[in-house]
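# Secondary and tertiary structure notes
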Amino acid sequence: MSQRQVSVRRDEGCTWYLVRHGETEWNRTGRIQGQVDIPLNEHGRAQAAALGNRLSDAPFTAAYASDLSRTMQTAELITSGSGCEIEPTPELREFAYGEWEGLTIAEIEAQAPERLERRLQGRNEDFAGPGGENAYDVIERVRRFHERALLRHGEGDNLLVVAHGGSLRALLVCLLDLPAEYFWRVHVNTASLSIVRGFDGSGVLHLWNDTSHLESMEE
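What counts, and at which threshold
Residues numbered from 1 in each chain as written. Predicted model: local features only at pLDDT ≥ 70, side-chain atom pairs only at ≥ 80, totals over all residues. Heavy atoms only, no water. Helix = DSSP H or I, 4+ residues; strand = E, 2+ residues; numbered from the N terminus. Buried < 20%, exposed > 50% of the residue type's maximum accessible area, 1.4 Å probe, protein only. Contact = heavy atoms within 4.5 Å. Areas by Shrake-Rupley, 256 points an atom, 1.4 Å probe, with all protein chains shown as cover. Salt bridge = Lys/Arg side-chain N within 4 Å of Asp/Glu carboxyl O. Phe/Tyr/Trp six-rings, centres within 6.5 Å; stacked < 30°, edge-to-face > 60°. Lys, Arg positive; Asp, Glu negative; His and termini not counted.

## A word on the overall build of the protein chain
Looking only at helices and strands, the protein chain has seven helices and six strands in total. Taken from the N to the C terminus, the helices and strands of the protein chain come in the order β-α-α-β-α-β-α-α-α-β-α-β-β. In the protein chain, which comprises 219 residues, the proportion classed as buried is 49%. Within the protein chain, contacts between residues separated by at least 24 positions form 71% of all contacts whose residues are at least 6 apart in sequence. Total accessible area on the protein chain stands at roughly 11300 Å², and carbon and sulfur atoms take up 45% of it.

Structure representation (structure tokens):
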């Protein structure tokens, strides 16, 4: 019996390494950071260093990070010694939560229980904290970065993107060409690694929210 040859199409785009920043004190204490510029704590720096060790052999073509301290510090620890220059990218900032920034969920619930209940409901892409952004706002902001990156990079390029939970969800929507309604359906841990590879004008998800490099730190 003759065997039929199978032709596999090569990836047409670049490979995206998506990283959420390491832990901050506000992460640890449950305060909403939004666009407040909070640096990494000691644990967060150790997380970023562990991820940097995991990615030490990754030949990054370019590195982009939200211009806030926690993301820039994470990117610096990952790329340390590689010679890869980090481009600060305001479009990759976290959600702007407006008046809720700096508060805990318990404090918000005490002040505005009805608004919080709406925020925690299933489909709430159009909801924004007082004076803040909604999911559509964040997606459109991140989309500007995504489109610019596509003009700069192509097949064979490896891109490191260090951002926040909200902006990484938005970037996933852009990379996989998903409806905005998928925004809240994925979770992103601190110092996690995700990988998307460009293919046929869109992207293929190869890894999501992986934190295996942190296992030894939790023992």
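## A look at the environment of Arg45
Relative to the elements of secondary structure, Arg45 occurs in helix H2 (residues 42-54). Filtering out sequence-adjacent residues up to four positions away, Arg45 remains in contact with Leu40, Gln73 and Leu77.

## A short note on the pattern of salt bridges
Per the counting criterion, the structure on display carries eight salt bridges. Of the charged contacts in the structure, one is a salt bridge between Arg148 and Glu91, with a shortest N-O distance of 3.0 Å. Placement of Arg148 in helix H6 (residues 135-152) and of Glu91 in the loop between strand S3 (86-88) and helix H4 (105-111) is noted, with a sequence separation of 57 residues between them. Given the relative accessible area of 26%, Arg148 is considered partly exposed. The exposure class assigned to Glu91 is buried, which follows from its relative accessible area of 16%. Ionic pairing is found between Arg141 and Glu133, a salt bridge with its closest N-O pair at 2.8 Å. Using a relative accessible area of 9% as the deciding quantity, one classes Arg141 as buried.

## Here we look at the packing of aromatic side chains
Under the definition given, this model contains eight aromatic pairs. Considering the side-chain rings of Tyr17 and Phe60, the 5.3 Å spacing of their centres and the 85° angle between planes classify their relative orientation as edge-to-face. Here the residue Tyr17 occupies a position in strand S1 (residues 15-20), and Phe60 occupies one in the loop between H2 and strand S2 (62-65), the gap between them amounting to 43 residues. The burial state of Tyr17 is the same as that of Phe60; both residues are buried. With a centroid separation of 5.7 Å and an interplanar angle of 15°, the aromatic rings of Phe95 and Trp184 are classed as stacked. Of this pair, Phe95 sits in the loop between S3 and H4 while Trp184 sits in the loop between helix H7 (165-175) and strand S5 (193-199), placing them 89 residues apart in sequence. In this structure Trp184 comes out as partly exposed when scored by relative accessible area, which is 23%. One aromatic cluster is present, built from ring pairs that chain together Phe95, Tyr97, Phe183 and Trp184.

## Overview of the side chain of Arg20
By secondary structure assignment, the location of Arg20 is in strand S1. Buried within the structure, Arg20 lacks any salt-bridge partner; its nearest side chain of opposite charge belongs to Glu94, at an N-O separation of 5.4 Å.

## Details of the environment of Asp57
With respect to the element layout, Asp57 can be found in the loop between H2 and S2. What makes Asp57 exposed here is its relative accessible area of 72%. Separated by 25 residues in the primary sequence, Asp57 and Ser82 place their C-alpha atoms 9.3 Å from one another.

## Overview of unusual backbone geometry
Despite not being glycine, Asp177 shows a phi value in the positive range, around 55°. By the secondary structure assignment, Asp177 is in the loop between H7 and S5. Unlike most non-glycine residues, Ala191 shows phi in positive territory, near 60°. Here Ala191 lies in the loop between H7 and S5.

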